[in-house]
Amino acid sequence: MNYWLMKSEPDEFSIDDLVAAPKQSTPWFGVRNYMARNYMRDSMTVGDGVLFYHSSCEVPGIYGLAEVASTSYPDDTQFQKKSPYYDPKAKKEEPRWMLVDVKLARKTRPMPLEEMRGYPQLAEMVTLRKGNRLSITPVTAAEWKFITAKLK
DNA sequence: GCCAACGTTGGC
DNA sequence: GCCAACGTTGGC
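Residues numbered from 1 in each chain as written. Chains lettered and ligands numbered in written order. Predicted model: local features only at pLDDT ≥ 70, side-chain atom pairs only at ≥ 80, totals over all residues. Heavy atoms only, no water.

Chemist: Would you mind going over the pattern of salt bridges in detail, with residue names and values included?
Modeler: Applying the stated rule across the entire model yields seven salt bridges. The closest approach of N and O atoms between aspartate 75 and arginine 32, which form a salt bridge, is 3.1 Å. Taken together, the positions of aspartate 75 in the loop between strand E5 (73-74) and strand E6 (98-99) and arginine 32 in the loop between strand E2 (25-27) and helix H2 (34-43) put the pair 43 residues apart, joining distant regions of the chain. Looking at aspartate 75, the relative accessible area reads 2%, which means it is buried. Among the residues examined, arginine 32 registers a relative accessible area of 28% and is labelled partly exposed. With its nearest N and O atoms 3.6 Å apart, the salt bridge here joins arginine 96 to aspartate 87. Taking relative accessible area as the criterion, arginine 96 reaches 27% and is therefore assigned partly exposed. (Salt bridge = Lys/Arg side-chain N within 4 Å of Asp/Glu carboxyl O. Helix = DSSP H or I, 4+ residues; strand = E, 2+ residues; numbered from the N terminus. Buried < 20%, exposed > 50% of the residue type's maximum accessible area, 1.4 Å probe, protein only.)

Written out as structure tokens, the structure is:
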């Protein structure tokens with residue numbers, strides 16, 4: 001059992017989109033960074049906890065809890081010529097970009113980035129480290145416990 | 001395989 | 001819109 005923080009731009013896909021999605025589940029499409037891909041492909045297991053994070057928006061922060069709902073499989077948008085995520089170098093026989101399904105656990109109150117930065121317990125969080133831009137980062141069990149308790 | 005140039009992320 | 005940080009690309 002692992003824990004993750006996954007960023008999404010709410011203009012693209014928000015917590016409310018997840019609430020409204022069929023089965024409250026979505027393929028986590030569009031990741032085009034190898035480290036983030038590798039986390040999904042190699043390290044995630046069904047049932048892992050996910051902090052759903054809104055980035056590049058008015059109040060960046062955690063907006064809900066989710067969980068990994070599938071093993072990894074190819075991100076179909078890499079093959080779609082009209083998609084912004086199209087990758088001309090990706091081949092069906094040899095997909096580059098893999099994803100997992102993520103399903104809602106529950107929408108929570110927002111925990112803004114500013115609030116997160118105020119907790120010494122979260123000082124070491126990967127996503128809060130200077131210069132970190134990764135859209136998927138690991139979360140420790142202690143960080144998960146702390147955050148979910150605050151979001152009760 | 002180095003590394004400069006370029007592109008992207010994401011908070012502010 | 002700015003810009004720091006960092007990943008990727010491509011010439012050599």
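Don't stop here, the text continues.
Chemist: Tell me what's going on with the protein's contact with DNA strand B, and back it up with residues and numbers.
Modeler: For DNA strand B, the full set of nearby residues is Lys7, Tyr53, Ser55, Ser56, Pro60, Leu113, Arg133, Leu134 and Ser135. Taking the atoms of DNA strand B that fall within 4 Å of the protein, sugar and phosphate contribute 72% of them. In the model, a phosphate oxygen of DNA strand B is placed 3.1 Å from a nitrogen or oxygen of the lysine 7 side chain. Between DNA strand B and the protein, one listed contact pairs a phosphate oxygen with a side-chain N or O atom of tyrosine 53 at 2.8 Å. Of the residues assigned to the surface near DNA strand B, the class counts are four nonpolar, three polar and two charged. (Near = heavy atom within 4 Å. Polar contact = N/O pair within 3.5 Å; in protein donor to acceptor, adjacent residues only side chain to side chain. Nonpolar A, V, L, I, M, F, W, Y, C, P; charged D, E, K, R; others polar.)

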